[in-house]
Structure formats: structure tokens, C-alpha cells
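Listed below are the residues making up each chain.
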There are 2 protein chains.
Amino acid sequence: MNIVLTLRILGALLLFLSAALLLPIPFALYYNDGSTSSFLFAAGITFVVGFLLFKGCRSQRELSLRDGFAIVSFSWLFYALFGALPFYLSGAIPSFIDASFETLSGFTTTGATILTVVENLPQSLLLWRALTHWLGGMGIIVMSLAILPMLGVGGMQLFKAEVPGPTADRLKPRIQDTAKLLWGVYVFLTAVEVVLLMLGKMSFFESLCHAFATLATGGFSSRNASVGAYNSAYIDGVITLFMFLAGVNFFLHYQALRGRLTEFWKNEEFRIYLGITVGSILLLMVMNQGSVYNSLLENLRFSSFQAVSILTTTGFGTADYEQWPVLSQYLLVAMMFIGGCAGSTAGGMKVARILLLFKHAHVQLFRLIHPRAVRLVKLGNRPVNREVMQSILGFFALYMGIFVIASFLMAAAGMDLVSAGAAVIATLGNIGPGLGSVGPTDHYGHIAPFGKGVLMFCMLLGRLELFTVLVLFFPTFWRK
Amino acid sequence: MNIVLTLRILGALLLFLSAALLLPIPFALYYNDGSTSSFLFAAGITFVVGFLLFKGCRSQRELSLRDGFAIVSFSWLFYALFGALPFYLSGAIPSFIDASFETLSGFTTTGATILTVVENLPQSLLLWRALTHWLGGMGIIVMSLAILPMLGVGGMQLFKAEVPGPTADRLKPRIQDTAKLLWGVYVFLTAVEVVLLMLGKMSFFESLCHAFATLATGGFSSRNASVGAYNSAYIDGVITLFMFLAGVNFFLHYQALRGRLTEFWKNEEFRIYLGITVGSILLLMVMNQGSVYNSLLENLRFSSFQAVSILTTTGFGTADYEQWPVLSQYLLVAMMFIGGCAGSTAGGMKVARILLLFKHAHVQLFRLIHPRAVRLVKLGNRPVNREVMQSILGFFALYMGIFVIASFLMAAAGMDLVSAGAAVIATLGNIGPGLGSVGPTDHYGHIAPFGKGVLMFCMLLGRLELFTVLVLFFPTFWRK
């Protein structure tokens, strides 16, 4: 471990955060909502700590892969703590635990809120909430397409962005190039959504908030009733489309913007993602038709919004799905485990992993019938490396194990069984709303501090593909 | 496929079943319960069908491994259909679906009943119910220690009985020898339990029924209130002990009876099984103390009974655990997924598989920190073959996939979410009682025929380690 250099990089990342903390200030001034000083203070504190770490920690030694794990995990944690300052300093969220829960939920693009009435928050804080999503989403795209594959985490090697660029041994320029290209796509899609929402008569401010939360598959809304507050089929449609796009590997978007539209169809994960989306919308419509919605168009509007919102782990709502038939609810919960595509901002286990699990099981059965035949698990047309497959299988086992243990802890924190399990998958999968006491019309504020801590850990674990965080708990990780 | 020879062997197995169907007749005559003719008819029909298949189907060709899958799967199915005849013919269970549900639940040692009041059944039919457990248990021991490993199913190769015996290429004598040795142990333990229960003032008839259901980890009781009906700490203790023993690899019992008692401790799966048992009893006691039980001894008695009953997938009850704290219930549900040791009569995923999943995940994390280190997954001191490990990982993915899909189907059959999931794991894990509408004080009679069909399929899948049944659904399985 090169702790000194790790701290230096964390310091640099805090400097970046301190700049980001200045962004809501124009809104604070424009709306005169009284939060300007909170943002200034927060940016100041973050700057000073960042500056001291950056300047104070110098090392001649190079970064090792092991440092990468520490940097990734702690950067998310640091962002949650320092990013919580505006909420806390302004008094909008008086408990620091709550404020950091909300912020981590933002940066991990989870969207689980502790707020009882969202509209009570000053506008600039609402924007900061949405901005934590958007910045978190940026971080995730680069992390999942460039950094995690390099660290060998959970089979992510499969999905790395094959961006043309300098092939020098140094990793930095390569990651920077990848980042620039993909962020360009991200910014472009965000801008398009803002324009489209404004065409639907949403204010610029609210369009910005919702576009940030959509592209990051976050789910924080500037309204307590979420997207349902606008009661507009057009807005629902735009957001459904952009949630779907946000759940796609951003490298495919990059290719598409370069004119290679067929790349979408050539990508097996995308095909399956599209299939799951369409299939689950149809299933939900069958179950909701007559029982919840009488008009087919109305059914399509609400069912497709909710299906895409849950599958992409965004968590926006236009309907209280706890009023839907039990089967519809069950389907939504099952979809929470799946999530979107690898290399998108979506959470969950990711479509590709689920697909490869099925293929692995299929190959196992095939081998029993044809013991002498050689059949490999493939993704697209390329055989999946055995190590990568083992990593994905390990990921699945860990995911389930964490789900079981964390649900037990949440039940120990006083939640009923359904709410406990739903809260865990809603945070581990970075979705937001769950069922029961954390359903779409509820919030996470009532949970005991211990429970909030468990759920924050789940958000971080899910966002960083489990492995990245868990290795830090190995004693040998910290040894020389 | 050698369908002719497969049918011949199924015929031979039916001849054996027809003999078994005569066993309850002395009880029918002694209690004069009016079921004698039903058993005679059932045995007659089974004999005729078995005889026709056995004599009519002759083949010069040898059995292939592929035939093994068909024989194993269909033998269980045939036993459920023909074994249901006494219930159906006597009119005790008027619906044939219900009768075959009860019988398959018996032979797979699940113990899920459709009966509202167990005591309404004539004694001879109660004995037949217990006997289906006991015979099923016999089948499972040999199947899991000799037949399935040979077929390469789900990593069961790890746990095969290494019984000294003829090493000829032909499999039959080897399996027969293994069977004789292990059945000797099985009969011996059953006899000891009968004697011990009778010492607790249980009648010979009821002792027999309960010993059959215990050793098979089945769970059918001759009383509606299950073992709780006797309200005896001594009987609870005896049954707890024998349930625990029934959840152990029977090869270890065989070694122990030959004087090699240390084999227990040398076996890693046994150590973990013991650890899980003790750990879960302690956890249950902590959660139940004060809230359900005030006396520590009473707490120990009921908590340990329920822990062992669920972990070994027996499903006997002395307490209505739905009255226990939510956390206790959650723990019991989690234990349902684990089950007992491989090579025992217990169901579930098996302790060894869960242990190996954890070890696999651990190795995956270890590799991230030490990319150049070579670390293999081991069981005991022996490294686990890569193919076997992949098979176990495939098993886990399939188990979870089946759980999700079957729960969805049960919800579609009209059950609430908790009951649907509990019914699936209670049958897939061959346990019996679940939660909600299939809780410890309820039964499975109220479920729609479609749902009963799904659960029967789950019982069969769980009992035959998934793979054995699923390969039959591959079109290539049936091709030459």
C-alpha cells in the first residue's frame, strides 16, 4: 500500500468536489433561498482538507493496483461526508447521519431519501441533491469501463471500453481519454433531455434536476410525488426513454454518436436488456390491465415508466406500485436484482452477469448430457475467459450472501421482513424505493441509525461492485 | 437413450413398490381400519404394471449414463403416482392430485401435507405416509452417495461414498454393496429411535411413524399438532438428536459404527454443519428469550428442536414459529436454503455447497489482492476440482433462478408474496412447513391445482439436485 499517494489522490478529488460545491451558488443567489453561505462554507472546508492532503502527501513511489481499491472506495466515502456539508450546515437536514445518508444515496445514484417533504428543501439544495447523482454517474461510467476492469473486479474486465487512444503503459492518459469521450456523451444526453423536458413545460431548474437524476439513474426528484407530480404523458415518455438510455453501456452510445448505430444490435447484453425491458413491460401490462388501469394507453404509460425506472435502478415514480397486484410487485422486486447494463450508470447485478449465470448453468447441464463435448460460455461471439466467469460466479454468491446478512441486520434494526429485504435490495441495487415501510410513497428517515449505516454500506457495496469494498476488510490487504 | 431398458428398470422398481405397499396391511388388519382392500388393490395394480414393464421390455444394449438421469427422475415420479393409490382408492384423499402431492411429498421427504386433520386418516394410511418418507430416505442415501456422483450432478462427485468393495467396471455390484452398508446404518438408527421413543411412552405405532419420518428428515407426523402433541421434553430431545443425526452424511455414521468416531471431526462439512446448528440454536435462543420463553431450559428445548428441524429440512414442529420474533423467523427461512450435509437424507442446498460458495468468493477476493498467488478452493485438505466447483456454482445459480421463477408462479396461482416464496423454498428444500398460508399450523390443501403442480415439481427438483430433472428438458437429451 502506498497510503501517502492514496491520500494525495483523495485530496485532489476533494479539490474537485470543492469546485463542484460552488455550482449551486448561482441558483441560491437567484432564488435567494439563503443557502449561499452553507455552500461557501462547505466548499471552503472541503478545499482546505483537499489542499492539505494534496500538498502534504507526496510520494516518489508509483501507485499499485492495491491502492486503486482504496482510492475508489474511500473517494466515494469522502464525497458522501464532505458532500453532506451543505445539507448539514444549512440546517435543512439537522442530523449528520441523515445528511451523509442522503449524499451517499446521491453519489451512488441510489436515490433513497430520508426527506419527508422534498419541496421543503431550498432550491439550491435540491439542485445539489441532483448534482450528486450526476457527478456520481460520471464517476461510475469511468469507473466501470476503465478503472474496475483494470482492478479485475467481478468480471468487469469483460465490459471495458475499447476506446482508441494512446497505448502507453501508463494508465492515466488512457483513462483520461476514455473519460473525456464518455463524459461528452453523458453531457450531450443530459442536455438533450433538459431541452425535451422544457418543451414539456417543465421549468429549467426542474428539468435540470430531473435530467441529472435520469442520466445517473439516480431517482431524486425535486418533487415529493416524484415525476408523478407533473401528471404529463409527454414528460413520462421523455423520462422513460432517457432512463432506458441511461441503462445502456455508454460505450455503445459513443459508438452510436459516431454513426455506428448497428453496434447496439451487435451487443448481446443490449439485446437482452431490451428484451427484458419489453418483456417486463408486457408482463406488467397484462397484470395491471383491468385491475389497476382500464385504458390500454394509460396502462402502457404507467407500466412502462415503472418497469424502466426499476430495471435501470433509477427509482422515479409515477404510480404507487404497492397498489398494484402482488404479481406486479413481485416482478418489480425480481427486476431490482437484475439492473441495467454494465458500463451504464445503472446498478443491480447487471444484465450481462445474469445472462452469463444462465449460460453457465446451461453449459453445466449440457455437459451432463454430452460429457465429451467442449462448450464454452460466450458473450457475443467471444468465449468468456474462465477466470472472468469464476469472478462473476463469485460476485453472484457474494451478492446473495450480502443480501441475506444485511436483510437480517435490517430486521434486527426493527423492520418487518418485507421492508427489510426490500430496503436492502433497493440500496444494494442502487434503486431507491422498495416495499413496505420504504415503499414508493415512503422514505428512509424513520430507520434507526444502525439500520441507516447498514444501508449506506449496501449502497457503497452495490455501487462499487462488492469486491472493491470487500477487499479492504482483508487483513492481508493492509500488509506490505 | 435406451428407453426399453429404462422402462424395464422402472418396472423392477415398481415391483419393489408393490411389495412395499403390502407392508401396512398387518396394521390395517390389527386396527381394523378398513383400508386393507385399498392396499391390496394398489399393490395389485402396481405389480401388474411393474411386471408388464419388466417382462415386456428387454434389451441387449447396456445402460448409458444418460439413461441414469431418466431412471432416477421417472422412478420418483412413478412412485408418487402409484404410491398415491392407497390414499385415493380408500377415499381418504378424494382428489388424485392431492393424493399424489402427499405421496411425492412423502417420497421426497418433504413432509408438506394437504391434510387438514391428520388424525382423520386410518392408521394404516398414516403408516404408509411415514413409510413413503422412510423408503424415500433410503433411495436418497444411495442416490446421493453412489448414483448422482456417477452422473456428475451438481458437484456431488465430491461426496461419494468411498466404500471398500469390488472395483469391477460394472457399477451394479458396487452400488449394491454401498447400498447394503448404508441401509444397515439407516435401519439401525431407525430401530434405536423407535426404542427410545417407546421408552418415552409413545406407542409402538406412533414411534415407528415418527422414527421413519425423522431418519428420512421427512416431517410427516401421525398427529396434527406434530411432535408438539406429545408435550414431552424427553421425546423432543430424542427427536432433536435423531434429526441432527439424519442430517449427517451417512457414510460418516457407517465409519463411526465401525469404531472410527474421529471421522466425524475430520470431516469439514460435518464441523460446519455442527457449527451452524449450534450457532443458530444460540441465535434463536437470544431472540426468543424473554419475548417467547421465560425459562432458559424451555427456550433451549423449543429453539433447538425448531432449529434442527428446519436446518435438517425435517419440518417437525413443537412450536408455532410464526409467533416468534420476526428475526427468528428470518433466521429459520435463511436456514431453509442451507439444509443438511450431502449424503444425508436432508434437503436444501447442502452445507458443503454453501461452504464452497463462501470459499470460492473468498478466493476471488484474495486473488484481487494477490494476483500472482495460486490459491485453490479446498474441502478438508483436498483441493476441489475446477469442474466440480463450476458445477456447484451452476447449481447455486439454478437454485436461485428456480426459486425466483417458481415463487412468481405461486404468486400467479393466487398466493401472497411471503407465502409464495415460503411455499417454494419449503418444497424445493424438501422441508415442509413454510410461512404465511403454508406456515407450521397450516397445510397445502388450499392451493390451486396449478400451484400444487409447481410445488410438486419443486419437490422433485430439490430432491434430485436440480440437474437430474432439468437435463430431461433438453431436446438433445432425447436425440440419439
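Residues numbered from 1 in each chain as written. Chains lettered and ligands numbered in written order. Predicted model: local features only at pLDDT ≥ 70, side-chain atom pairs only at ≥ 80, totals over all residues. Heavy atoms only, no water.

### Focus on the overall build of chain A
Heads up, the rule is: Helix numbering and strand numbering both begin at the N terminus, where a helix is a DSSP run of H or I of at least 4 residues and a strand a DSSP run of E of at least 2. For the radius of gyration, the atoms used are the C-alpha atoms, and the globule rule reads 2.2 Å times the number of residues raised to 0.38. Relative accessibility under 20% of the residue-type maximum defines a buried residue, over 50% an exposed one, and the middle range a partly exposed one, all with a 1.4 Å probe and only protein chains included. Contacts are assigned to residue pairs that have any heavy atoms within 4.5 Å of one another. Calculation of accessible area relied on Shrake-Rupley with a 1.4 Å probe; when residues are assessed, cover is drawn exclusively from the protein chains displayed. Positive charges come from Lys and Arg, negative ones from Asp and Glu, while His and the chain ends are left out of the count. Where a charge lies is defined by one atom per residue type: Lys uses NZ, Arg uses CZ, Asp uses CG and Glu uses CD.
A count of helical and extended segments in chain A gives 21 helices and two strands. Expected size for 480 residues packed as a compact globule is a radius of gyration near 23 Å; at 22 Å, chain A falls within 12% of this value. Taking the principal axes of its C-alpha atoms as reference, chain A extends roughly 70 × 65 × 50 Å. Buried positions account for 62% of the 480 residues belonging to chain A. Taking as baseline every contact in chain A between residues at least 6 positions apart, the subset at least 24 positions apart corresponds to 71%. As displayed, chain A offers around 17,900 Å² of accessible surface, 66% of which is attributable to carbon and sulfur atoms. Positive and negative charge centroids in chain A, built from 31 and 22 side chains respectively, lie 14 Å apart.

### A closer look at the interface of chain A and chain B
One frequently used descriptor of interface size is the decrease in accessible area upon assembly of the parts. Applicable threshold: As used here, buried area is the combined drop in accessible area, with a 1.4 Å probe, of two parts when they are placed together. For this analysis, a salt bridge means a side-chain nitrogen from Lys or Arg found within 4 Å of a carboxyl oxygen belonging to Asp or Glu. Counted as a polar contact is a pair of N or O atoms within 3.5 Å, where, for protein atoms, one must be capable of donating a hydrogen and the other of accepting one, and residues adjacent in sequence contribute only when both atoms are in side chains. Residues are grouped as follows: Ala, Val, Leu, Ile, Met, Phe, Trp, Tyr, Cys and Pro are nonpolar; Asp, Glu, Lys and Arg are charged; all remaining types, including Gly, are polar.
With 49 residues of chain A in contact, the opposing surface of chain B contributes 48 residues. Taking both sides of the interface into account, the surface hidden between chain A and chain B amounts to around 4,500 Å²; carbon and sulfur atoms contribute 77%. Per-residue buried area on chain A facing chain B is highest for Y330(A), L368(A) and I369(A); these three make up 16% of the total on that side. On the surface where chain A and chain B come into contact, there are four salt bridges. Here E387(A) and R386(B) are joined by a salt bridge, their closest N and O atoms 3.9 Å apart. Run the count over chain A and chain B and you get eight residue pairs in polar contact (both at pLDDT 80 or more). Elements with a contribution of two residues or more to the side of chain A that touches chain B: α4 (65–83), α13 (268–288), α15 (326–338), α16 (351–369), α17 (386–412), α18 (417–428), α20 (467–470) and α21 (475–478) of chain A. For the side of chain A that touches chain B, the element with the most residues is α17(A), which contributes 16 residues. A class-by-class count of the residues in the side of chain A that touches chain B yields 34 nonpolar, ten polar and five charged.

### What about the relation of the copies chain A and chain B?
Just so we agree on the cut-off: A least-squares fit on C-alpha atoms brings the copies together, and the residues used are those whose pLDDT is at least 70 in both copies.
Turning chain A through 180° and shifting it by 0.0 Å along the axis lays it on chain B, with an RMSD of 0.0 Å. The two molecules are tied by a two-fold rotation axis, judged by turn and shift. Ranked by how close their C-alpha atoms come to the rotation axis, the residues of chain A are headed by L393(A), at 3.2 Å. When you check the interface residues of chain A against chain B, 98% turn up at the interface there too, and the contact is symmetric in its surfaces.

### Quick word on the packing of aromatic side chains
Residues and elements named next belong to chain A. Spelled out, the test is: Side-chain rings of Phe, Tyr and Trp (the six-membered ring for Trp) are treated as a pair once their centres are within 6.5 Å; stacked means planes under 30 degrees apart, edge-to-face means over 60, and tilted covers the remaining angles. The rule is short: NZ of Lys or CZ of Arg within 6 Å of the ring centre and within 35 degrees of the ring normal puts a charge over the ring.
Counted by the stated rule, this structure contains 57 aromatic pairs over all chains. Taken together, a centroid distance of 5.2 Å and an interplanar angle of 75° make the contact between F337 and F403 edge-to-face. Here F337 is found in helix α15, whereas its partner F403 is found in helix α17, with 66 residues between them in sequence. Summarising the burial analysis for this pair, F337 and F403 share the class buried. In this structure an aromatic cluster arises from ring pairing among F27, Y30, Y31 and F205. A cation over an aromatic ring shows up here: R129 above the ring of F220, its NZ or CZ 3.9 Å from the ring centre.

### A word on a nonpolar patch on the surface
All names here are of chain B. Put simply, the rule reads: Put simply, a patch holds well-exposed residues, over 30% relative accessible area, that have no salt bridge, with like charges counted together within 9 Å and Val, Leu, Ile, Met, Phe, Trp or Tyr side chains within 5 Å.
Judged by side-chain polarity, F41, I45, L77, L81, Y88, L89 and F96 come together as a nonpolar surface patch covering roughly 600 Å² of accessible area. Counting residues per element, the ones that place at least two in the nonpolar patch are α3 (36–56), α4 (65–83) and α5 (85–89). Relative to the helices and strands, L81 resides in helix α4. The exposure class assigned to L81 is partly exposed, which follows from its relative accessible area of 38%.

### A look at the packing of helix α18 (residues 417–428) of chain B against helix α19 (residues 449–463) of chain B
Residues and elements named next belong to chain B. Heads up, the rule is: Where helices are involved, their axes are fitted lines through C-alpha atoms of the stretch in contact, as for all axes, and angles between N-to-C directions lie from 0 to 180°. To sort the angles, those under 35 degrees are grouped as roughly parallel, those over 145 as roughly antiparallel, those from 65 to 115 as roughly perpendicular, and the leftovers as oblique.
Running from N to C, α18 and α19 point in directions that differ by 40°, and their axes come no closer than 7 Å. Between α18 and α19, the crossing angle belongs to the class labelled oblique. Between α18 and α19, the residues in contact are A423, V424, T427 and L428 and L455, C458, M459, L461 and G462, respectively. Here the contact of α18 with α19 is built from residues that sort into seven nonpolar, two polar and no charged.

### As for unusual backbone geometry
Residue and element names in this part refer to chain B. With a phi angle near 45°, T217 is a residue other than glycine that sits in the positive phi range. When you line up the elements, T217 lands in the loop between α9 (204–215) and α10 (233–246). Judged by its relative accessible area of 0%, T217 falls in the buried class. Of note in this structure, E465 is not a glycine but carries a positive phi near 55°.

### Structural notes on helix α6 (residues 96–107) of chain A
Residue and element names in this part refer to chain A. Note the following rule: Residue count minus one, scaled by 1.5 Å, sets the expected span of a helix.
Helix length check: α6, at twelve residues, gives a terminal C-alpha distance of 16 Å against a target of 16 Å (1.5 Å per residue), a fit within 8%. Burial of α6 is extensive: ten of the twelve residues sit out of reach of the surface. For α6, the complete set of buried residues consists of D98, A99, S100, F101, E102, T103, L104, S105, G106 and F107. Looking at the buried side of α6, the elements it contacts are α1 (3–20), α4, α5 (85–89), α7 (123–151) and α19 (449–463). Between the side-chain oxygen of the N-cap and the backbone nitrogen of I97 there are 3.3 Å, and the N-cap of α6 in question is S95. Taken from the residues just after α6, T109 is the one with a positive phi, measuring 55°.

### Considering the environment of R258(B)
Residue and element names in this part refer to chain B. The residue R258 is located in the loop between α11 (250–257) and α12 (262–266) in this model. Classification of R258 as partly exposed rests on a relative accessible area of 42%. C-alpha of R258 to C-alpha of A406: the two residues are 148 residues apart in sequence and 43 Å apart in space.

### Topic: helix α7 (residues 123–151) of chain B
Residues and elements named next belong to chain B. Basically, it comes down to this: Think of it this way: the bend at a residue is just the angle between two axes, each fitted to seven residues, one set ending at that residue and the other starting at it.
Under the 1.5 Å per step criterion, the end-to-end length of α7 is 39 Å for 29 residues, consistent within 8% with the ideal 42 Å. In α7, a bend of some 50° at M143 exceeds every other bend along the element. Burial runs high along α7: 25 of the 29 residues are buried. Directly beyond the C-terminal end of α7, a positive phi value near 75° is found at G152.

### Observations regarding the side chain of D236(A)
Residues and elements named next belong to chain A. Position of D236 relative to the elements: it lies in helix α10 (residues 233–246). Classification of D236 by relative accessible area gives buried; the value is 2%. If we skip the residues at most four places from it in the chain, D236 touches V227, R301, F302, F305 and T318.

### What to know about the pattern of salt bridges
All names here are of chain A. The final tally for this structure, using the stated rule, is 20 salt bridges over all chains. Note that E268 and K359 form a salt bridge whose closest N and O atoms lie 2.7 Å from each other. Residue E268 is located in helix α13, and its partner K359 is located in helix α16; the two are separated by 91 residues in the primary sequence. Of the residues examined, E268 reaches a relative accessible area of 13% and is grouped as buried. Members of the salt-bridge network, linked through shared partners, are K350, R353 and E465.

### Quick notes on the confidence of the model for chain A
Low pLDDT means the predicted coordinates in that region are not meant to be read closely. All names here are of chain A. Basically, it comes down to this: The predictor attaches a confidence to each residue, and that confidence, scored 0 to 100, is pLDDT.
Put simply, chain A has an average pLDDT of 92, and 97% of its residues get 70 or more. Counting contacts from residues 165–170, a segment whose pLDDT is below 50, to residues more than four positions away or on other chains yields five contacts. On the interface metric, ipTM, the complex scores 0.91, and its pTM is 0.93.

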